[in-house]
Amino acid sequence: MSGYLPTGIQLTYLVAATLFMIGLKQMGSPATARKGNLLGAIAMLLAVVATLLDKQVLSYGLILVAIAIGSAIGSLIAYKVAMTDMPQMVGLLNGLGGLASSLVAVGEYWRVTSNGLELPLVDNLSIMASVLIGNITFTGSMIAFAKLQGIMKGAPIRFGYQQTINILLLVAFGVGAALIIADPTNVAGFISINVISLLVGVLFVIPIGGGDMPVVISLLNSLSGVAASAAGFVVMNNVLIISGALVGASGLILTQIMCKAMNRTLPNVLFSGFGTTLVTDGDAGNSSNKTVKTIDPEECAMMLGYARSVVIVPGYGMAVAQAQHAVRELSDMLERKGVEVKFAIHPVAGRMPGHMNVLLAEANVPYSQLYDMDDINTQFENTDVVLIIGANDVVNPAAKTNQASPIYGMPILEVDKAKNAIVIKRGMSAGFAGVENDLFYQQKTMMLFGGAKDMVSKLANELKQI
């Protein structure tokens, strides 16, 4: 689909591309994210309709069947998948996007070679790029999905010469691609580079732990966009090129934001196997000499109910327990008692970018109560009680004080500055980084042991008695 499309179709593509950009901009804020998502959906609808009206589309019957099947599956997923399962859902959709781009390239290669047509160098290079990036995105996203879904262990999987093997596979792909460019009819070579790129995707993600999934999800999202843009060059579709480039660029920016929020580089996230080593007491201080203060739900409810200000810090534990609705109920009850309630959101809390925002939005927590890390950190000193629900590394003061800690230098929610801190947690286990949380042992910190949903519900019941 080259530049010879009718003017109306080109103009529709232009409108769709503009809506994509506006939608992306609006998705930068929780308050406008839904509107941005709607604009993106409208833009995609325009792009699809314009493409279907192009005379080069030959089989409307098959396309309509595919649309019907895809719409049915998509509707079922939207209805059945819980918001707490959204990280793995995003990973799955990223992978399918990469696979679609790769299949476009494979289909174009098959069409050209089977008809004995000439494959220009630029088209050949576009096909190679789409196959490489699309297949890596597909299998990498499937591994991410399996880890998040619990099908695979979330811990990093490492073995000897792992990175060397990855490099050799990429070299093999380059050699295979060169042979295909020299002889486009080399079908065996084309199959080989597809298999190699699929394997690279697997090896690319297995050494990354579950706690680094926010970075991995955003990076794979970026790769899915780049693959789509490459597929756009394969079929010379302008709106596919533009939309893919937008997704690729925005995903890469988000990846960098996630890395900055953890004070780590992207290579460190991808290749260090972070979280495989548990820091012992000798590394982080002897915990046998430390004591924790516990609190029961009744006393905790009284502290919250008689406070002037409460900041709730949600973490992955809240997501696992599906406690977001109970948290909203607790927040509402506190506000009815005159307590000022705010939510502190760390950029990498959870297993995907914006994980906590998504869960709290599902529970209809007002956007005005959500504060990002930079805005809320200046307010902790004036906060009576911080209620931490399932968060760990993102509130660990060792990131500021212990230079030997793996998380040293990582920006955290400075909850240790609040007058009181209450931590809801099942036990004293370390977080993803494998280090003890110094916050748990501070004099003004109290531990409320138990599951997030159960404890929050008990707090709400106790508040009714106050």
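Residues numbered from 1 in each chain as written. Predicted model: local features only at pLDDT ≥ 70, side-chain atom pairs only at ≥ 80, totals over all residues. Heavy atoms only, no water.

The protein chain is annotated in an unreviewed UniProt entry as NAD(P) transhydrogenase subunit beta of Pseudanabaena mucicola FACHB-723.

Engineer: What's the story with the overall build of the protein chain in this structure? I'm lost.
Structural biologist: When helices and strands are tallied, the protein chain shows 18 helices and seven strands. Computed over C-alpha atoms, the radius of gyration of the protein chain comes to 25 Å, within 12% of the 23 Å expected from 2.2 N^0.38 for 466 residues, which places it in the range of a compact globule. Taking the principal axes of its C-alpha atoms as reference, the protein chain extends roughly 80 × 50 × 35 Å. Every one of the 466 residues in the protein chain was classed for burial, and the buried ones make up 48%. Counted over contacts in the protein chain with a minimum sequence separation of 6, partners at least 24 positions apart contribute 78%. Accessible area of the protein chain: about 21,500 Å², with a carbon and sulfur share of 64%. Of the side chains in the protein chain, 28 bear a positive and 29 a negative charge, and the two mean positions are spaced by 3 Å. (Helix = DSSP H or I, 4+ residues; strand = E, 2+ residues; numbered from the N terminus. Rg over C-alpha atoms; globule rule 2.2 N^0.38 Å. Buried < 20%, exposed > 50% of the residue type's maximum accessible area, 1.4 Å probe, protein only. Contact = heavy atoms within 4.5 Å. Areas by Shrake-Rupley, 256 points an atom, 1.4 Å probe, with all protein chains shown as cover. Lys, Arg positive; Asp, Glu negative; His and termini not counted. Charge placed at Lys NZ, Arg CZ, Asp CG, Glu CD.)

Engineer: What's the story with the packing of helix α1 (residues 7-26) against helix α9 (residues 238-261) in this structure? I'm lost.
Structural biologist: The angle between the axes and the distance between the axes are what describe a pair of packed helices. Packing of α1 against α9 brings their axes to within 9 Å, and their N-to-C directions diverge by 10°. Regarding the angle of α1 to α9, the classification is roughly parallel. Where α1 abuts α9, its residues Gln10, Tyr13, Ala16, Ala17, Phe20, Met21 and Leu24 lie against Asn238, Val239, Ile242, Ser243, Leu246 and Ser250. Looking at the contact of α1 with α9 residue by residue, the class counts come to nine nonpolar, four polar and no charged. (Axes fitted to C-alpha atoms, helices over the stretch in contact; angles between N-to-C directions. Parallel < 35°, antiparallel > 145°, perpendicular 65-115°, else oblique. Nonpolar A, V, L, I, M, F, W, Y, C, P; charged D, E, K, R; others polar.)

Engineer: Help me understand the packing of aromatic side chains in this model?
Structural biologist: Ring pairs (aromatic) are described by centroid distance and by the angle formed between their planes. With the rule as written, the count across this model stands at one aromatic pair. With 3.9 Å between their ring centres and 10° between their planes, tyrosine 109 and phenylalanine 190 make a pair best called stacked. Of this pair, tyrosine 109 sits in helix α4 (residues 86-114) while phenylalanine 190 sits in helix α7 (residues 187-205), and the two are 81 residues apart along the sequence. Assigned by exposure class, tyrosine 109 and phenylalanine 190 land together as buried. (Phe/Tyr/Trp six-rings, centres within 6.5 Å; stacked < 30°, edge-to-face > 60°.)

Engineer: Explanation requested: the pattern of salt bridges in the structure shown.
Structural biologist: Side-chain pairs of opposite charge can arise where the charged atoms are in close proximity. Following the criterion strictly, the structure yields eight salt bridges and no others. Residue lysine 419 is joined to aspartate 384 by a salt bridge in which the shortest nitrogen-to-oxygen separation is 3.4 Å. Taken together, the residues span a long stretch of sequence, with lysine 419 in the loop between α17 (398-401) and β6 (420-425) and aspartate 384 in the loop between α16 (373-377) and β5 (385-389) at a distance of 35 residues. Residue class for lysine 419 comes out partly exposed when judged on its relative accessible area of 39%. Here aspartate 454 makes a salt bridge to lysine 458, at a shortest N to O gap of 3.7 Å. Of the two residues, aspartate 454 and lysine 458 are both situated in helix α18 (residues 452-463); the distance of four residues between them amounts to about one turn of the helix. When its relative accessible area of 41% is taken as the criterion, aspartate 454 is described as partly exposed. Ionic contacts of the salt-bridge type, sharing partners, join the residues Arg308, Asp384 and Lys419 into one network. (Salt bridge = Lys/Arg side-chain N within 4 Å of Asp/Glu carboxyl O.)

Engineer: What am I meant to see in a nonpolar patch on the surface here?
Structural biologist: A contiguous nonpolar surface patch, about 400 Å² in accessible area, is contributed by Trp110, Val187, Ile191 and Val195. It is α7 that contributes the most residues to the nonpolar patch, three residues altogether. For valine 187, a relative accessible area of 34% translates into the label partly exposed. (Patch = residues over 30% accessible without salt bridge, like charges linked within 9 Å, V, L, I, M, F, W, Y side chains within 5 Å.)

Engineer: Help me understand the side chain of threonine 445, please; the structure alone is not making it clear to me.
Structural biologist: Relative to the helices and strands, threonine 445 resides in strand β7 (residues 445-449). With near-sequence residues (within four places) excluded, threonine 445 lies in contact with Lys293, Ala421, Val423, Leu439 and Phe440.

Engineer: Hey, could you run me through the environment of lysine 419 in this one?
Structural biologist: Each C-alpha atom, one on lysine 419 and one on valine 385, is 6.2 Å from the other, the two residues being 34 residues apart in sequence. In this view, lysine 419 contacts Arg308, Glu381, Thr383, Asp384 and Lys444; residues no more than four positions away in its chain are not counted. Side chain to side chain, lysine 419 and aspartate 384 meet in a polar contact 3.4 Å long. (Polar contact = N/O pair within 3.5 Å; in protein donor to acceptor, adjacent residues only side chain to side chain.)

Engineer: Just checking my understanding: could you explain unusual backbone geometry for this structure?
Structural biologist: Among all residues except glycine, the phi angle is most often negative; among peptide bonds, the trans geometry is most common. Within the chain, tyrosine 161 stands out as a residue other than glycine whose phi angle is a positive 60°. Following the sequence through the fold, tyrosine 161 ends up in the loop between α5 (121-149) and α6 (162-182). Taking relative accessible area as the criterion, tyrosine 161 reaches 68% and is therefore assigned exposed. Phi is positive for methionine 236, close to 55°, though the residue is something other than glycine. Looking at the element boundaries, methionine 236 is found in the loop between α8 (213-235) and α9.

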